[in-house]
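Reading the structure
Residue-level listing of the chains:
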Amino acid sequence: MIIGNKEFKDRGKTYIMGILNVTPDSFSDGGRFMDADSALFHVDQMIKDGCDIVDIGAESTRPGFVPVSEVEELERLIEPLRAIKEHFDIPVSVDTYKPGVAKTVIIEGADMINDIRGLRFEESMAKVIAEGDVAYCVMHNRPMSEPYKNLIFDVINDIKENLDIAKRYGILDEKLIIDPGIGFGKSHEQNLVMLKHVDELSGFNRPLMIGTSRKSVIGKTLDLPVDQREEGTCATTAYAVMKGCSFVRVHDVRANKRVIDMTEAILKSDE
């Protein structure tokens, strides 16, 4: 698939989406990259470490997060987005579930929208993506009040509904990435099961993205605080490579890049 001016293989290679949070309250690195200079420095380092896509988020989506207005989200996003596009030749994704924000950042040069809610929550996002002709990562999510009868079966059906909406609005298949939504609308045990069976989503014939970096599924499993979850993150990255996932979304690019390279070398050793 094409994201920005870069081509990414749909199969056989795992790419890194590096996280840039321009938020004061992100669970992991809130407040560190709020101004353009610090954001550019961090992006430069991520690129040197092996980042393939930069994902900018301007609203924390940690459990219990306080939503911000479209105006405030855009105030946080526009300056670093413009600066990154000016200084670096790398695709830029924007992490937002708001159609109004998505429309504006696409005009400003965003190459991809990474939507934690998906089209089942906000169908009008589909129109924005189709008109903007950008890549779109649709994450699986559902309210915790909507229980699962069979986790994997229900997730597959929910994703199918998202893809049906995308097709109805004219979003091309080659623009779509699927994220199973680790940490969203699932219990700790369900997150582990979803990771274990992520390859069951390969039937959609679209690239899969895993986002587990420093999340509570790792913290609860290993009983570790957020600043000690990198080894757990790297373990999920190795597993994602083995399961054929095309993208991992991470904070620590260098460590995860090394894990990907080593895991891919092992998998290709008998070819």
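What comes next is a walk through the structure. Note on numbering: residues in each chain are counted from 1, in written sequence order. Residues qualify for local features only when their pLDDT is at least 70, as the model is predicted, and side-chain atom pairs are given and counted only at 80 or more; totals for whole chains, interfaces and linings, by contrast, use all residues. Side-chain metrics in this entry use all non-hydrogen atoms of the structure; hydrogen atoms and water are not considered.

1. A few points about the overall build of the protein chain
Only DSSP runs of H or I with at least four residues qualify as helices, and only runs of E with at least two residues qualify as strands; both kinds are numbered from the N terminus onward. Each helix and strand counted, the protein chain has 9 helices and 10 strands in total. Both definitions apply: the radius of gyration is a C-alpha atom measure, and the globule rule equals 2.2 Å times residues to the power 0.38. Taking 18 Å as the expected radius of gyration for a compact globule of 271 residues, we find that the protein chain reaches 17 Å, a close match to that expectation. Taken along its principal axes, the extent of the C-alpha atoms in the protein chain is 40 × 40 × 40 Å. Classification of the 271 residues of the protein chain by burial places 54% in the buried group. Considering only contacts within the protein chain whose residues lie at least 6 apart along the sequence, 67% involve residues at least 24 apart. Using a 1.4 Å probe, accessible areas were evaluated by the Shrake-Rupley method; residue-level cover was limited to the displayed protein chains. Of the accessible surface of the protein chain, which amounts to about 12300 Å², a share of 51% is contributed by carbon and sulfur atoms. Mean positive and mean negative side-chain charge positions of the protein chain (34 and 46 charges, respectively) differ by 3 Å. Each residue is assigned to one of three classes by its accessible area relative to the maximum for its type, calculated with a 1.4 Å probe on protein chains only: buried under 20%, partly exposed between the two thresholds, exposed over 50%. Working rule for contacts: check all heavy atoms of both residues, and any pair within 4.5 Å makes them a contact. Lys and Arg are tallied as positive, Asp and Glu as negative. Neither His nor the chain termini are counted. Note on charges: their place is set at NZ of Lys, CZ of Arg, CG of Asp or CD of Glu.

2. Some words on helix α9 (residues 253–267)
One less than the number of residues in a helix, times 1.5 Å, gives the span that helix is expected to have. For α9, with 15 residues, the first-to-last C-alpha span of 21 Å sits near the 21 Å given by 1.5 Å per residue. Listed in full, the buried residues belonging to α9 are Val253, Asn256, Val259, Ile260, Thr263 and Glu264. Viewed along the axis of α9, the buried residues span an arc of 130 degrees, placing them on a single side of the element. Seen from the buried face of α9, the exposed residues on the opposite side, beyond 90 degrees, are Arg258, Met262 and Ile266. On the buried face of α9, the contacting elements are β3 (15–21), α1 (36–49), α8 (230–242) and β10 (247–250). The opening residue of α9 is Asp252, an N-cap whose side-chain oxygen sits 3.4 Å from the backbone nitrogen of Arg254. Directions drawn from the helix axis to the C-beta atoms are what define this arc. Each polar contact in these results corresponds to two N or O atoms within 3.5 Å; when the atoms are within protein, one needs to be able to donate a hydrogen and the other to accept it, and residues that are neighboring in sequence are counted only if both atoms are side-chain atoms.

3. Topic: the environment of Leu20
In this structure, Leu20 sits in strand β3. On the basis of relative accessibility, which here comes to 0%, the residue Leu20 falls in the buried class. As a C-alpha pair, Leu20 and Ser93 span 73 residues in sequence and 9.9 Å in three-dimensional space.

4. Details of the packing of aromatic side chains
We call Phe, Tyr and Trp rings a pair once their centres come within 6.5 Å, taking the six-membered ring for Trp, and we label the pair stacked below 30 degrees between planes, edge-to-face above 60, and tilted otherwise. Here the structure, examined in full by the defined rule, presents 3 aromatic pairs. On the numbers, 4.8 Å between centres and 85 degrees between planes, the contact of Phe8 with Tyr15 is edge-to-face. Note on accessibility: Phe8 and Tyr15 belong to one class, buried. Ring plane angle 50 degrees and centroid distance 5.7 Å describe the contact between Phe8 and Phe247, whose orientation is recorded as tilted. Placement of Phe8 in the loop between β2 (6–7) and β3 and of Phe247 in strand β10 is noted, with a sequence separation of 239 residues between them. Judged by relative accessible area, which is 4%, Phe8 ranks as buried. In textbook terms, an aromatic cluster arises when at least three aromatic residues are bridged by ring pairs, as seen for Phe8, Tyr15 and Phe247. Of note, Arg117 hangs over the ring of Tyr97, and the distance from its end group to the ring centre comes to 4.1 Å. We call a charge positioned above a ring when the Lys NZ or Arg CZ atom is no farther than 6 Å from the ring centre and deviates by at most 35 degrees from the ring normal.

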